[in-house]
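Spelled out from the first residue to the last, the chains are:
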Amino acid sequence: MADAGRGRGAADAGTVTLEALFSQAPVGLAVLDCDLRVVRINTATPAMQGTREEDVIGRTFPGSHYVVDAEAAEALVREVLESGVSVRRRILRARPPAHHGQERLYELTAFRLLDPDGVVLGVSITVVDVTDRETALRRLRILDTVRERVAVPWTCW
């Protein structure tokens, strides 16, 4: 009898953890079915601010995330679904309503979801807004290029 209670406690802990991920995670998290329709999403992330969960559920990726190059993004996630090979840290451009259509850069990670018997359930994606980071890196590259062309060593500054 104690084992049954312990198993139920573990299942409850799993459910609580899953709910916390979708309600509190600071990164975008979505579960897509095999047709790339959103079945679960974390709308608490900055990219989804102002978006109601019911307005996203059932929409297909990449439209659900307002990706600019939808065809390439869809092909990328479909390849993960079909091959089972995850992708990490791919940069996508998007124009989310939370930013009034202003272009943002998202770092996407995607991995295939399987049930315990190995049946493909869909794909899970995480999305992190990396616009500020990428802007800073771009500025550093420009400064480095200027430094090389002017041939002034950094130690002189």
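Located above this text is the structure these notes cover.
Residues numbered from 1 in each chain as written. Predicted model: local features only at pLDDT ≥ 70, side-chain atom pairs only at ≥ 80, totals over all residues. Heavy atoms only, no water.

1. A word on the overall build of the protein chain
Next, step 1: Check the secondary structure of the protein chain and you find 4 helices and 5 strands.
Next, step 2: Counting from the amino terminus, the protein chain carries its helices and strands in the arrangement α-β-β-α-α-β-β-β-α.
Next, step 3: Surface summary for the protein chain: the accessible area is close to 9,900 Å², and the carbon and sulfur share equals 56%. (Helix = DSSP H or I, 4+ residues; strand = E, 2+ residues; numbered from the N terminus. Areas by Shrake-Rupley, 256 points an atom, 1.4 Å probe, with all protein chains shown as cover.)

2. Quick word on the environment of Glu82
Next, step 1: With respect to the helices, strands and loops of the structure, Glu82 is situated in helix α3 (residues 70-83).
Next, step 2: Owing to a relative accessible area of 59%, Glu82 belongs among the exposed residues under this scheme.
Next, step 3: The spacing of Glu82 and Val123 is 41 residues in sequence and 9.8 Å in space, taken between C-alpha atoms. (Buried < 20%, exposed > 50% of the residue type's maximum accessible area, 1.4 Å probe, protein only.)

3. Considerations on the sheet that holds strand β4 (residues 104-114)
Next, step 1: Strand order in this open sheet of 5 strands is β2-β1-β5-β4-β3, and the pairing throughout is antiparallel. Both edges of this open sheet fall to β2 (38-41) and β3 (87-94), since each of them pairs with a single strand only. Strand-to-strand twist across the sheet, computed as the mean angle between neighbouring axes with direction ignored, equals 30°.
Next, step 2: Bridge count for β4 against strand β5 (residues 120-129) is 9 bridges, and the pairing is antiparallel. Bridging from a neighbouring strand, Leu113 pairs with Gly122 of β5.
Next, step 3: The strands that α3 touches are β1 (28-32), β3, β4 and β5; relative to β4, the one it contacts most, it runs at about 20°.
Next, step 4: Across the sheet, helix α4 (residues 131-150) touches β3, β4 and β5, and the angle it forms with β4 is around 125°. (Pairing = 2+ DSSP bridges. Axes fitted to C-alpha atoms, helices over the stretch in contact; angles between N-to-C directions. Contact = heavy atoms within 4.5 Å.)

4. Topic: the pairing of β4
Next, step 1: Judged from the 6 bridges that link them, β3 and β4 form a sheet pairing that is antiparallel. Residue pairing in the sheet places Val87 in a bridge with Ala110 of β4.
Next, step 2: Hairpin connection between β4 and β5: a loop of 5 residues separates the two successive antiparallel strands, and Gly118 in this loop has a positive phi of roughly 85°.

5. A few points about the pairing of β1
Next, step 1: Counting buried positions along β1 gives 5 out of 5 residues, so the element sits mostly inside the fold.
Next, step 2: A loop of 5 residues connects β1 with β2, the two strands running antiparallel in sequence, and Leu36 in this loop sits at a positive phi of about 65°.

6. Regarding the pattern of salt bridges
Next, step 1: Taken as a whole, this structure holds 11 salt bridges when the rule is applied.
Next, step 2: A salt bridge links Arg40 to Glu19, with the nearest nitrogen and oxygen atoms 3.0 Å apart. A residue pair is termed long-range when its members are at least 10 positions apart, and Arg40 in strand β2 and Glu19 in helix α1 (residues 2-24) qualify at 21 residues.
Next, step 3: Relative accessible area serves as the criterion here: at 23%, Arg40 is assigned to the partly exposed category.
Next, step 4: Among the salt bridges present, the one from Arg104 reaches Asp129, with a minimum N-O distance of 3.0 Å. Taken together, the residues Arg104 in strand β4 and Asp129 in strand β5 connect sequence positions 25 residues apart. (Salt bridge = Lys/Arg side-chain N within 4 Å of Asp/Glu carboxyl O.)

7. Here's the deal with a nonpolar patch on the surface
Next, step 1: A cluster of nonpolar side chains, Leu137, Leu140 and Leu143, forms an exposed patch at the surface whose accessible area comes to about 270 Å².
Next, step 2: Summarising the element assignment, Leu140 is placed in helix α4. (Patch = residues over 30% accessible without salt bridge, like charges linked within 9 Å, V, L, I, M, F, W, Y side chains within 5 Å.)

8. What to know about the nonpolar core
Next, step 1: Leu32, Phe61, Val77, Leu108, Val123 and Ile125 are the most contacted members of the largest nonpolar core, which totals 23 residues.
Next, step 2: Among the secondary structure elements, those contributing two or more residues to this core are β1, β2, α3, β3, β4 and β5.
Next, step 3: If you tally residues by element for this core, the top one is α3, at 5 residues.
Next, step 4: Apart from residues lying up to four places away in sequence, Leu108 is in contact with Phe61, Leu76, Val77, Val87, Arg88, Arg89, Arg90, Leu92, Ile125, Thr126 and Val127. (Core = buried A, V, L, I, M, F, W, Y, C linked by side-chain atoms within 4.5 Å.)

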